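Working through the structure, step by step
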Amino acid sequence: MEVISENRCFDGIQGVYKHRSETCQCDMTFGLFLPAEARDNPVPVLWYLSGLTCTHENAMVKAGAQTWAAEQGIALIFPDTSPRGSDVADDDAYDLGKGASFYLNATQKPWAPHYQMWDYVARELPKLAFESFALDQKRQAITGHSMGGHGALTLAMGLENRYRSVSAFSPICNPTGADWGRKQFSAYLGDNEDPWQSHDASVMMREVGFDGPVLVDTGTNDQFIDLLRPETLAEATNARRQQSLIRLQHGYDHSYFFVSTFMEDHITFHAEALYDK
């Protein structure tokens, strides 16, 4: 693992690291914030999955998450959103290819050789992180924005007992029912829609739910709200009687101004679960 940078941040360290991924068959980069408490003992972990067109860097520099993570003594991991490299398949559209993995394992050409992001986030990167840093594997939570909110919700429900809590900022809630989903699932997974269902948060909420608290925020002025379909997730959580708080925030859009406004709420929410014995 190569150290790209390490900077002192709120008495902790904000690092950026690169490693060779066997899962994605390319070099991958991730950000990691370690609070001061990690100098003495392993600390809880909050995973943050970013959205379309982003890299590991967007949330790391725009979300203001380190302020509140340092206050709570929580580490933050910022994975990249897709495989990278000159030999990695891409598309001219911003919502397919690099920066648009949808956090799944592609089965179709030309995507399958590199686009194995479910396994990367669920298995390879956690193994590397827990072996290399003072992180508590038993205390994990996950959040994300937009495509990353979709990823956070589906990973939380797909990996039983992995995460104590899950939250999302303006997540893609029903990708099988919107253009942000059907287009990408057809490309990555093929036209048979059966495998799509395990990557749809609203479907998964109805079928399996989550054994823990859920928090979701979406802005009423989100320019992509018709693609996000937050009402489908609300209906699914109500039908399942899932422990959840799903909020529509008046006047907010899809930007990181929105994310940073409610970041304290989300980290406090996760801290309550991560420190609950």
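On a predicted model such as this, the values are computed, not experimentally measured, just so you know. (Residues numbered from 1 in each chain as written. Predicted model: local features only at pLDDT ≥ 70, side-chain atom pairs only at ≥ 80, totals over all residues. Heavy atoms only, no water.)

1. Quick word on the packing of helix α3 (residues 117-132) against helix α4 (residues 147-158)
Direction vectors running N to C along α3 and α4 enclose 60°, while the axes themselves pass 12 Å from each other. Between α3 and α4, the angle is such that the two are oblique. Like other packed secondary-structure pairs, α3 and α4 cross with a definite hand, here right-handed. Across the interface between the two elements, W118, V121 and A122 of α3 pack against T154, L155 and G158 of α4. Looking at the contact of α3 with α4 residue by residue, the classes come out as four nonpolar, two polar and no charged. (Axes fitted to C-alpha atoms, helices over the stretch in contact; angles between N-to-C directions. Helix = DSSP H or I, 4+ residues; strand = E, 2+ residues; numbered from the N terminus. Parallel < 35°, antiparallel > 145°, perpendicular 65-115°, else oblique. Left-handed = near helix turned anticlockwise from the far one by under 90°. Contact = heavy atoms within 4.5 Å. Nonpolar A, V, L, I, M, F, W, Y, C, P; charged D, E, K, R; others polar.)

2. Some details on α4
Helix length check: α4 (12 residues) gives 16 Å between terminal C-alpha atoms against 16 Å at 1.5 Å per residue, within 8%. Counting buried positions along α4 yields 11 of 12 residues, so the element is predominantly enclosed. (Expected span 1.5 Å × (residues − 1). Buried < 20%, exposed > 50% of the residue type's maximum accessible area, 1.4 Å probe, protein only.)

3. Things to note about the layout of surface pockets
Taking a probe equal in size to a water molecule and rolling it over the atoms shows the remaining empty space. What the largest pocket holds in volume is close to 250 Å³. Looking at the largest pocket, it is lined by 14 residues, and the ones nearest its centre are L52, T53, H145, F224 and H254. Taken together, the residues of the lining of the largest pocket break down into six nonpolar, seven polar and one charged. (1 Å grid on protein atoms, 1.4 Å probe; cavity = no way out; pocket = protein on both sides within 12 Å on 5 of 7 lines; lining within 4 Å. Points joined across faces, edges and corners; volume = space filled by probe spheres on them.)

4. Some thoughts on the nonpolar core
Counting 64 residues, the largest nonpolar core has F30, I77, L135, I142, L155 and Y188 as its most contacted members. Top contributing element to this core by residue count: α3, with nine residues. Sequence-distant contacts of L155, that is, excluding residues within four places in its chain, are made with L49, W118, V121, A122, I142 and Y163. (Core = buried A, V, L, I, M, F, W, Y, C linked by side-chain atoms within 4.5 Å.)

5. A few points about unusual backbone geometry
Cis geometry marks the peptide bond from K109 to P110; its omega dihedral reads 0°. Looking at the element boundaries, P110 is found in the loop between β5 (75-79) and α3. Of note, the phi angle at D11 is positive, near 70°, even though the residue is not glycine. One can find D11 in the loop between β1 (2-9) and β2 (12-21). In this structure, T53 is a non-glycine residue whose phi angle is positive, near 75°. Inspection of the secondary structure assignment puts T53 in the loop between β4 (43-49) and α1 (57-62).

6. Overview of the pattern of salt bridges
Opposite charge on two side chains lets them pair, provided their charged atoms get close. Per the stated rule, a full pass over the model turns up 11 salt bridges. For E131, the salt bridge is made with K127, and the minimal N-O distance between the two is 2.8 Å. Taken together, the residues E131 and K127, both in helix α3 and four residues apart, mark about one turn of the helix. Per residue, the accessibility class of E131 equals that of K127, and both read exposed. Among the charged side chains, a network of salt bridges with common partners joins D217, R247 and D265. (Salt bridge = Lys/Arg side-chain N within 4 Å of Asp/Glu carboxyl O.)

7. Let's talk about the pairing of strand β6 (residues 135-144)
Summarising burial for β6: eight of the 10 residues are buried, a large majority. When β4 meets β6, the two strands line up parallel, connected through six bridges. When the sheet's bridge partners are listed, V43 is paired in β6 with L135. (Pairing = 2+ DSSP bridges.)

8. So, the packing of aromatic side chains
Counted according to the given criterion, the structure contains 13 aromatic pairs. With 5.1 Å between their ring centres and 55° between their planes, Y17 and F133 make a pair best called tilted. Of this pair, Y17 sits in strand β2 while F133 sits in the loop between α3 and β6, and the two are 116 residues apart along the sequence. Like Y17, the residue F133 is buried in the burial classification. Consider the rings of W111 and Y115, whose centres lie 5.3 Å apart with planes at 85°: the pair is edge-to-face. Here W111 matches Y115 in class, with each residue buried. Through a chain of ring-to-ring contacts, three or more aromatic side chains come together here, namely F169, Y252, F258 and F262. (Phe/Tyr/Trp six-rings, centres within 6.5 Å; stacked < 30°, edge-to-face > 60°.)

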